[in-house]
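# Geometric and topological summary
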Amino acid sequence: MSPRAALVAAPRRLWRAGAFDPGERTLPEEVPIALVHDATATAVMMATPTDLQDFAYGFSLTEGLIETPGQARGFETVESEAGIELRLWLDAPRSATLAARRRRIAGPTGCGLCGIDSLGEALRPPRRVAEGGAISAAQIAKALEQLAARQSLGVATRAVHAAGFWTAQNGVSLVREDVGRHNALDKLAGALALAGVHAAAGAVVLTSRVSIEMVQKTAAIGAPILIAVSAPTALAVRTAEEAGVTLVAVARADGFEVFTRPERVID
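Not measured: the values here are computed from a predicted model.

Bringing the packing of helix α6 (residues 181-194) against helix α7 (residues 212-221) into the picture now. In the contact formed by α6 and α7, the axes pass within 10 Å of each other and the chain directions differ by 0°. Taken together, the axis directions place α6 and α7 in an arrangement best described as roughly parallel. Here α6 contributes R181, H182, L185, D186, A189 and L192 to the contact with α7, which in turn contributes E213, M214, K217, T218 and I221. Its residues assigned to classes, the contact of α6 with α7 comprises 5 nonpolar, 2 polar and 4 charged.

Structure, rendered in structure tokens:
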């Protein structure tokens, strides 16, 4: 079957100024996507059918199933009427590790913690990022501006999240989008890893709020700075502190709030 489109034109009737106006609205598609490792489903997520290889590798990396893309021996996309399977085959050591911690996640759009098998797994210690890294207030404002400008699906639909990667040299050079905020960040993680980009010199920029799993995934990527347009949860702040991540949130054109490791935000 042909690849699924990421955007769909849906008929709608617009009520405005006391009258209906017929027309269409562009909507993002949402598809069940199974992350399959060694022929067994590890997770089923509702996601936008774009950048699927990035999604498969990024999810595998941020969930600790692999540590480098090279630990996956092959990748395959299989589409059916029911949805899409993203199939990865792991090398022997990672396959054994996966078998020991096998779990199934089945959840709605962007569900980051559904189906885990223990409370300890939900609150697993985050990876600690390397020291160093800095960003100025002006660069934060510019990064937000650049992220908004590069959201092609967001501009078309106003209904998806985005995750971008910023560096002082290149600004926001890489952006991934999805109906799920966790999925967008996983896609970014995969894109960075497959391109061989080391995240220690940059920052992750998000259009969403910051919950614990967004911090855990940013730490797994290795980025020392996380910038988000919405507020964090209290647990996300504690997790960022534990991971050594500078958490900048409620970031808008007119200002932002720094919750952890403020020494990285410079004048």
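Following the structure, the description resumes.
Another point: the side chain of Q71. As for its position among the elements, Q71 is in the loop between α1 (52-62) and β5 (72-79). Owing to a relative accessible area of 16%, Q71 belongs among the buried residues under this scheme. A distance of 2.6 Å separates a polar side-chain atom of Q71 from the backbone nitrogen of E67. Setting aside residues up to four positions removed in sequence, Q71 forms contacts with I66, W89, L90, D91 and R94.

Grouped together as the largest cluster of nonpolar side chains are 27 residues, with contacts concentrated most on L185, L188, V204, L206, V210, L226 and V245. Looking at this core, the elements that each hand over two or more residues are β9 (161-167), α6, β11 (202-206), α7, β12 (225-228) and α8 (234-243). For this core, the leading source of residues is α6, giving 6 residues. Non-local contacts of L206, meaning those with residues more than four positions away in its chain, are made with L147, A162, A163, L185, M214, L226, I227, A228 and V229. Counting 20 residues, the second-largest nonpolar core is a separate cluster that includes V31, L35, L65 and L86.

Here we take up unusual backbone geometry. Here A17, not a glycine, exhibits a phi torsion of approximately 55°, which is positive. You can see A17 is positioned in the loop between β1 (7-16) and β2 (19-28). The backbone of R261 shows a phi angle near 45°, a positive value even though the residue is not glycine. Mapped onto the elements of the fold, R261 is located in the loop between β14 (255-258) and β15 (265-266). Residue class for R261 comes out buried when judged on its relative accessible area of 14%.

Before going further, it helps to examine the pairing of β5. Here 7 bridges tie β5 to strand β6 (residues 84-90), and the two strands are oriented antiparallel to one another. What sits directly across from G74, in β6, is W89. The hairpin turn running from β5 into β6, its antiparallel successor, is 4 residues long.

As a further point, take the confidence of the model for the protein chain. Any segment with low pLDDT has predicted coordinates that should not be analysed in fine detail. Of the residues in the protein chain, 92% have a pLDDT of 70 or more, and the chain-wide mean is 92. Predicted confidence is poor over residues 104-108, with pLDDT under 50, and the contacts of this stretch with residues over four places away or in other chains come to 17 contacts.

On the secondary structure map, T218 appears in helix α7. When its relative accessible area of 0% is taken as the criterion, T218 is described as buried. Not counting residues up to four positions away in its chain, the partners in contact with T218 are L185, V204, A223 and L226.

This structure, assessed with the given rule, holds 12 salt bridges. The salt bridge involving R4 is made with E79; its shortest N-O contact spans 3.1 Å. Remark: E79 occurs in strand β5 and R4 occurs in the segment before β1; sequence separation between them is 75 residues. Here E79 falls in the partly exposed class, since its relative accessible area comes to 23%. Two residues, E263 and R261, come together in a salt bridge whose shortest N-O distance is 2.3 Å. Here the residues in one salt-bridge network are D51, D54 and R176, joined through shared partners.

Reading the values: the criteria
Starting from 1, residues in each chain are numbered consecutively following that chain's sequence as written. For this predicted model, a pLDDT threshold of at least 70 governs which residues receive local features, and a threshold of 80 or more governs which side-chain atom pairs are given and counted, while totals over whole chains, interfaces and linings are taken from all residues. With hydrogens and water stripped out, all remaining heavy atoms of the structure feed into the side-chain values. To define axes, lines are fitted to C-alpha atoms, for helices over the stretch in contact only, and angles between the resulting N-to-C directions are given on a 0 to 180 degree scale. Each helix corresponds to a stretch of at least 4 residues labelled H or I by DSSP, and each strand to a stretch of at least 2 residues labelled E; elements are numbered beginning at the N terminus. The labels follow the angle: roughly parallel below 35 degrees, roughly antiparallel above 145, roughly perpendicular from 65 to 115, and oblique for the rest. By definition, residues are in contact when any of their heavy atoms lie within 4.5 Å. Under the grouping applied here, Gly and all other residues not named as nonpolar or charged are polar, the nonpolar ones being Ala, Val, Leu, Ile, Met, Phe, Trp, Tyr, Cys and Pro and the charged ones Asp, Glu, Lys and Arg. Note on classification: 1.4 Å probe, protein chains only; a residue is buried when its accessible area is under 20% of the maximum for its type, exposed when over 50%, partly exposed between these limits. What qualifies as a polar contact is a pair of N or O atoms within 3.5 Å, subject to a donor-acceptor requirement within protein and to the restriction that residues adjacent in sequence count only when both atoms come from side chains. What we call a nonpolar core is a set of buried Ala, Val, Leu, Ile, Met, Phe, Trp, Tyr and Cys residues that are connected through their side-chain atoms within 4.5 Å. Pairs of strands are assigned from DSSP output, requiring at least two bridges between the strands. Across the chain, each position has a pLDDT score giving the predictor's confidence in that residue, from 0 to 100. Between Lys or Arg on one side and Asp or Glu on the other, a salt bridge is scored when a side-chain nitrogen of the former is within 4 Å of a carboxyl oxygen of the latter.

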